[in-house]
Amino acid sequence: MYLTPQHVLLAGATGLTGEHLLDRLLNEPTITRVLAPSRRPLAEHPHLENPVGEPAELLQRLEGPVDIAFCCLGTTIKKAGSEQAFRAVDLDLVVAFAKRARELGARHLIVISALNADAKSSIFYNRVKGEMEAALKAQDWPQLTICRPSLLLGDRVEPRLAEQLAGPLSKLIPGKYHGIEACQLARAMWRLALEEQDGVRVVESDELRRLGK
């Protein structure tokens, strides 16, 4: 019989979507433990465990049990500084996190990818996201949910000019290309966590918006 997750592992809790998701998880009465490693300390909460340090070192310090893992990790090439540094976060770190989550007992991984992710894409960003998806599928998760949001909307600590300019326009585009609020994505991810099914599910942005209402 399927049970609501009680022990949760969350990566990327300081990001735009991760902050919203963390707040939701800590306010869910069924959750007794949220393990959220981060580079900087998070606000204290009786159900929150927040090991602080560098990602590679933190992974080995994590301890189970874990029922489900959420991965909200991601950066930009500009912030990372190079394509190689971008790959280190959006591909290598995501895959390493997922591997560790599985070792700790998680049977379901919910990860944020991107619209038009494709390992064969000529666009670097989309190609890396596609490679990440392929690598996670190869880990043979009992349940893997891949979220492909369109442009993420919301107030960032460090505003991104391109997103500020494109945000209003993205709200006019129909279907899966329509922009999605980070709080909507977080709500959708939690709803997806409550669904029991085997194998891989890819959820496009228009469905994420519907689930996040």
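The following refers to the structure shown. (Residues numbered from 1 in each chain as written. Predicted model: local features only at pLDDT ≥ 70, side-chain atom pairs only at ≥ 80, totals over all residues. Heavy atoms only, no water.)

## Points about the overall build of the protein chain
Along the protein chain, the regular secondary structure elements total 8 helices and 9 strands. By residue count, 47% of the 213 residues in the protein chain fall in the buried class. Look at the contacts in the protein chain between residues 6 or more apart in sequence, and 68% of them connect residues 24 or more apart. With an accessible surface of roughly 10,700 Å², the protein chain has 52% of that area assigned to carbon and sulfur atoms. (Helix = DSSP H or I, 4+ residues; strand = E, 2+ residues; numbered from the N terminus. Buried < 20%, exposed > 50% of the residue type's maximum accessible area, 1.4 Å probe, protein only. Contact = heavy atoms within 4.5 Å. Areas by Shrake-Rupley, 256 points an atom, 1.4 Å probe, with all protein chains shown as cover.)

## What about the sheet that holds strand E1 (residues 7–11)?
As summarised here, the arrangement of the 7 strands in space is E3-E2-E1-E4-E5-E6-E9, forming an open sheet in which the pairing is parallel. Across the chains shown, the open sheet's two edge strands, defined by having one partner strand only, are strand E3 (48–49) and strand E9 (199–204). Pairing of strand E2 (residues 33–35) with E3, which is carried by 2 bridges, proceeds in the parallel orientation. Bridge pairing links Val-34 to Leu-48 in E3. (Pairing = 2+ DSSP bridges.)

## Overview of the nonpolar core
Formed by 32 residues in total, the largest nonpolar core has its most connected members in Leu-10, Leu-25, Phe-70 and Met-189. Setting aside residues no more than four positions away along its own chain, Phe-70 makes contact with Val-8, Leu-9, Leu-10, Ala-11, Leu-21, Leu-25, Phe-97, Ile-110, Met-189, Trp-190 and Ala-193. Judged by nonpolar contacts, the second largest core, of 27 residues, contains Ala-69, Phe-86, Leu-91 and Leu-104. (Core = buried A, V, L, I, M, F, W, Y, C linked by side-chain atoms within 4.5 Å.)

## Quick word on the packing of helix H4 (residues 83–103) against helix H5 (residues 124–138)
Their axes nearest at 10 Å, the elements H4 and H5 cross at an angle of 20°. By the criterion of interaxial angle, the relationship of H4 to H5 is roughly parallel. Along this stretch, H4 crosses H5, giving a crossing that reads as right-handed. On H5, the residues touching Glu-83, Phe-86, Arg-87, Asp-90, Leu-91, Val-94, Val-95 and Ala-98 of H4 are Phe-124, Tyr-125, Val-128, Lys-129, Glu-131, Met-132, Ala-135 and Leu-136. (Axes fitted to C-alpha atoms, helices over the stretch in contact; angles between N-to-C directions. Parallel < 35°, antiparallel > 145°, perpendicular 65-115°, else oblique. Left-handed = near helix turned anticlockwise from the far one by under 90°.)

## Focus on the packing of aromatic side chains
One pass over the structure, following the stated rule, counts 2 aromatic pairs. Arranged with centres 5.8 Å apart and planes meeting at 55°, the rings of Phe-86 and Phe-124 form a pair that is tilted. Of the two residues, Phe-86 is situated in helix H4 and Phe-124 in helix H5; the sequence distance between them amounts to 38 residues. Just as Phe-86 is buried, Phe-124 falls in that class too. (Phe/Tyr/Trp six-rings, centres within 6.5 Å; stacked < 30°, edge-to-face > 60°.)

## Focus: the side chain of Thr-17
One can find Thr-17 in helix H1 (residues 16–26). Dropping the residues within four chain positions of it, Thr-17 is found in contact with Cys-72, Ile-112, Leu-152, Ala-182, Leu-185, Ala-186 and Met-189.

## Some words on the pairing of strand E4 (residues 68–71)
Taking every second residue as pointing to the same face, both faces of E4 are buried, with Ile-68 and Phe-70 on one and Ala-69 and Cys-71 on the other. One ladder, built from 4 bridges, connects E1 with E4; its direction is parallel. Note on E4: the bridge partner recorded for Val-8 is Ile-68. Summarising the sheet, E4 and strand E5 (residues 108–112) pair through 4 bridges and their orientation is parallel. Opposite Ile-68, over in E5, you have His-108 as the bridge partner.

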